[in-house]
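Architecture and fold: a report
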Amino acid sequence: MGPEQEGATAGSSAWEPDPGPAIPAPDNFALFLGRSFRRLGELIGAHPWPFLLLPLLLSGGLGAGFVFLPQRRDNDIEGQFTPLQGPAKGERLVATGHFPTSDSERFSGQRLLTEGAFAALIAVSASSNILTAGAFEELLRLDKAVQGLAAPESSARRLSYPDLCARSHGSCSSPNPLLSAVRGSPEQIESLLPSLTYPMFQSRFFMGTFLGGVQVAPGPGGSHVQAAKALRLVYYLREDDAADQKSSLRWLENFLERIPNELKALNLTSTQVAYFTSISRQKEFEGNIKDVISLFSITYFITITFSIMSCLRIDCVRNMVWVAAFGVLSSGLAVLSSFGLLLFCGVPFVVTVANAPFLILGVGVDDMFIMVSCWQLTNTKNKVEKRMAETYAEAAVSITITTLTDVLAFYIGIMTSFQSVKSFCLYTGTAFIFCYVYNITFLGAVLALNGKREEGNRHWLICTKVKDTVQPNRSRLYNMCCVGGFSDKSSGTGGEHPVNKFFRKYYGPFLTKTWTKMFVVLLYGAFLASSIYGCTKMKEGIDLRNLASDDSYVIQYYDWENKYFSEYGPRVMVIITKKVLYWNASVRNDIENCMQSLENNSYVDKSLSESWLRAYENAARNNSLNIDSKAFFMGNLSRLFTLFPEFEWDIDISYREIAASRFFIQTVNVTTAVDEKNLLNQLRDIAKNCEMPLMVYHPAFIYYDQYIVIVPNTIQNIGIAAGVMLCVSLLLIPNPLCSLWVTFAIASVIVGVAGFMAYWDVNLDSISMINLVICIGFSVDFSAHISNAFVSSEKSTANEKAVDALHLLGYPVIQGAISTVLGVLALAASKAYIFRTFFKIMFLVIFFGALHGLVFIPVFLTFVDICSRSNKRVN
């Protein structure tokens, strides 16, 4: 605080004109807002207790909604992180209607319409080749151990893998064709090796998903395997009905619990093994919430500490420690009330919402800093009611801009196609509303009670009256701890804070020098160029491995899968969705042309396609059958099914008509998000342009669909929000040109954050989209505060206005920025990508927002001399 004024008193005076600096709001709405807040502040100052107790009671009542938390949790990865109306979900419905699966009778991995229920293991050779007798001896032991794992079905019955396995032709689906081929004898693999071809084995087994790191040499019948580094075992389970699903889930949970110890017991030396199941991503994703609970307690402590240190004063009467502590509590009450209310209303609670308390805690104290700053500018000789009225009038526009822009940004985010973003935005936006209400009621009541303590010149800790003049015969420590209530004789305020003084005397004048302005312009040019370049390097899409924590067992599995099994991508279904005249030669020719168009795509290996129609035509040709009539075509299909039984599952025959049929194409080299996006778009475009009613589908397309909507959704949200923020700025900041500068700051900060995301290895996905939504609101906050103070300043020149604005709100902006960063700082230590990403983007948002508010915008506003015409005050 400013220098202590010996002999100054803390007594009260009668109501008198406000001598302290104000933040006038010339606009009619801002004027109305200021007057309304003035009356509210006066009311709270006169009767603080109802405003203190009612929020506590309301929070307690709404907080009871947390009893519904277990029922409201919805962490289904597909439901939360894929587009709600994604085309692949509709395609899956079509495929399910025509080609229902039967895991207990005719299971086929490539014909699954979902990922299925499975446990998978990747075994990697400790040497250069896994196709050895020693390695296969260990693989057979491993297979035996897995099949022997039994999950309790009841107190008297346990179910092992053979009891639950997906079956075809009466036997369990083989975890790997090579394991079946050696017939329990590991030495057989070495005699089998000379005839082992790749990627097709025995002309019917596709080995691309079972054998990895393969070394081949050309030979008769295809490429012959010389060696392989890795081998995958996949154990599929039945999911035909609810009972099967429940039993399979229990077996998988038992597998995850016991497999680590089983691997240790096997003492494998020739191979290393990583494991994964169809429920692993979901389990690991849900486990992330446990990681964040301990971090929240750390964050709460850090935020309270910072708030108290920021509001700490040497003066034992003017100290604002209690206001700071209750300011943090106010944010906590807002979280409790908003979350409880939405849980009462049945809104799904997803893991991404766990980020919200960190954000609300950091941002919630921002309004407190504004209110404290305005309180300290009031005359200490005035009554508490008068000081509260002045404080609320001064803070009205600033805290309303902060809340309004943040809430609108989050509620605009609800329009997205991702449920995870919808839930996060709804919970956080509602929490900000409660934060606003509690800050102007609960926190205001605390501020008023603290003011009454000041008015009585009472000690901040023990609340006993202290002397207000320095005691010369007492020690320095006594005067520091037991004497207080000083005020500035010239202004009547509690004195100027050193940071405010720094902005007024040093930083402001330095920033408004001509050569400094030129440097700032150059700095902004470098910032903008770097950001735009970064935007061109941005990657799209969420990597599913990022839903697990860094130390998860699934990371090793993903790494090996990417390293050894990435050559071949999804085996895509090509579905003719409507009835066509298959017995018509010209129709069959059109179908063949469509297939060839798909096979000529760079992501497709035409030699690995599978078509029942081609096989039928070849069989008919070899047996001199005429299939050019409906009767012969339909009548001879049974002969095709005798030769190729699995083709019966690819034709949907209804009332002696083929209602739909499907073929398969094999994709290759789909290794990056860009490849996934291109593959999906190219195959769909080819299918759309085909003369047949064609559709392409694979379960992975459910996740690939995010690439279609992520950029349009982000641009839509940012565009709408920027327009809304411009309207808010025009409403609350009187000068249209300055409102455009605020809108410019929004666009600039968003470009900066998006560009530097690429430098920090953050993809544009549904998680980072949440943060870009936040970016819109926060980029307004800092710039709007400074712009509003600039145009409302009574100084005569643009440079003086900039200095005055920085002097008045520079410190609260810094406090708000630091408190927000501290609020999310603990997330940087999280093991989960979701929370680390949240920290990274929030840091960029706050850093660039503060940079614009404290450096770029003040300088740019000085270039716009027209803004100097706004000189009204709130009365």
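Residues numbered from 1 in each chain as written. Predicted model: local features only at pLDDT ≥ 70, side-chain atom pairs only at ≥ 80, totals over all residues. Heavy atoms only, no water.

Another aspect to go through is the state of the cysteines. Counted according to the given criterion, the structure contains 2 disulfides. Between Cys165 and Cys172 runs a disulfide, and the two sulfur atoms are separated by 1.8 Å. Between Cys165 and Cys172 the sulfur-sulfur dihedral comes to about -70°; the bridge is accordingly left-handed. Residue classification places Cys165 among the buried residues on the basis of a relative accessible area of 0%. Given a relative accessible area of 26%, Cys172 falls into the partly exposed group. Each sulfur in the disulfide pair Cys594 and Cys690 lies 1.5 Å from the other. Residues Cys594 and Cys690 share a disulfide whose torsion about the S-S bond is about 70°; that sign makes it right-handed. Residue Cys594 is found in helix H20 (residues 585–599), and its partner Cys690 is found in the loop between helix H24 (673–689) and strand S16 (694–697); the two are separated by 96 residues along the sequence. A single burial state applies to Cys594 and to Cys690, both of which are buried. (Disulfide = S-S within 2.5 Å. Buried < 20%, exposed > 50% of the residue type's maximum accessible area, 1.4 Å probe, protein only. Helix = DSSP H or I, 4+ residues; strand = E, 2+ residues; numbered from the N terminus.)

Taken residue by residue, the protein gives an average pLDDT of 86. The fraction at 70 or more is 92%. Within the model, pLDDT remains below 50 along residues 1–26, and this stretch shows 79 contacts once partners closer than five positions in the same chain are excluded. Here residues 866–875 scores under 50 on pLDDT; set against residues more than four positions off or in separate chains, the count is 40 contacts. (pLDDT = per-residue confidence, 0-100. Contact = heavy atoms within 4.5 Å.)

Within the fold, Arg238 resides in the loop between strand S10 (222–237) and helix H10 (242–266). In this structure Arg238 comes out as buried when scored by relative accessible area, which is 13%. Within polar-contact distance, the side chain of Arg238 engages the backbone oxygen of Asp163 at 2.7 Å. Excluding residues within four positions of it along the chain, Arg238 makes contact with Asp103, Ser104, Asp163, Leu164, Cys165, Ala166, Arg167, Asp244, Gln245 and Ser248. (Polar contact = N/O pair within 3.5 Å; in protein donor to acceptor, adjacent residues only side chain to side chain.)

The next subject is the packing of aromatic side chains. Overall, the coordinates contain 56 aromatic pairs when judged by the stated rule. Here Tyr524 and Phe860 contribute two aromatic rings whose centre-to-centre distance is 5.4 Å and whose plane-to-plane angle is 85°, an arrangement assigned as edge-to-face. Highlighted residues: Tyr524 in helix H18 (residues 514–536) and Phe860 in helix H30 (residues 833–862), separated in sequence by 336 residues. The burial state of Tyr524 is the same as that of Phe860; both residues are buried. If you follow Arg387 out to its NZ or CZ, it ends over the ring of Trp375, 3.9 Å from the centre. (Phe/Tyr/Trp six-rings, centres within 6.5 Å; stacked < 30°, edge-to-face > 60°. Lys NZ or Arg CZ within 6 Å of the ring centre and 35° of its normal.)

Before going further, it helps to examine H10. Counted at 1.5 Å a residue, the expected span for H10 with its 25 residues is 36 Å, and the 34 Å between its end C-alpha atoms agrees. Taken residue by residue, H10 has Asp244, Ser247, Ser248, Trp251, Leu252, Asn254, Phe255, Leu256, Ile259, Leu263 and Leu266 as its buried positions. Where H10 begins, one side-chain oxygen reaches toward the backbone nitrogen of Ala243, 3.2 Å away; that side chain belongs to Asp241. (Expected span 1.5 Å × (residues − 1).)

This part covers a nonpolar patch on the surface. A cluster of nonpolar side chains, namely Phe29, Phe32 and Leu731, defines an oily patch on the protein surface of about 270 Å² accessible area. Position of Phe32 among the secondary structure elements: in helix H1 (residues 28–46). (Patch = residues over 30% accessible without salt bridge, like charges linked within 9 Å, V, L, I, M, F, W, Y side chains within 5 Å. Areas by Shrake-Rupley, 256 points an atom, 1.4 Å probe, with all protein chains shown as cover. Salt bridge = Lys/Arg side-chain N within 4 Å of Asp/Glu carboxyl O.)

Once that is clear, we can look at the pattern of salt bridges. Opposite charge on two side chains allows them to pair when their charged atoms are near. This model, assessed by the stated rule, comprises 23 salt bridges. The partner of Glu115 in a salt bridge is Arg281, and the shortest N-O contact between them spans 2.5 Å. Here Arg281 lies in helix H11 (residues 280–311) and Glu115 lies in the loop between helix H5 (87–98) and strand S1 (117–125), a separation of 166 residues in the sequence. Looking at Glu115, the relative accessible area reads 35%, which means it is partly exposed. Residue classification places Arg281 among the buried residues on the basis of a relative accessible area of 10%. Between Asp550 and Arg836 there is a salt bridge, with its nearest N and O atoms 2.7 Å apart. On the criterion of sequence distance, the pair formed by Asp550 in the loop between H18 and helix H19 (553–564) and Arg836 in helix H30 is long-range, its members being 286 residues apart. Salt bridges here are not isolated pairs; linked through shared partners, they connect Arg111, Arg571, Glu610, Asp650 and Arg662.

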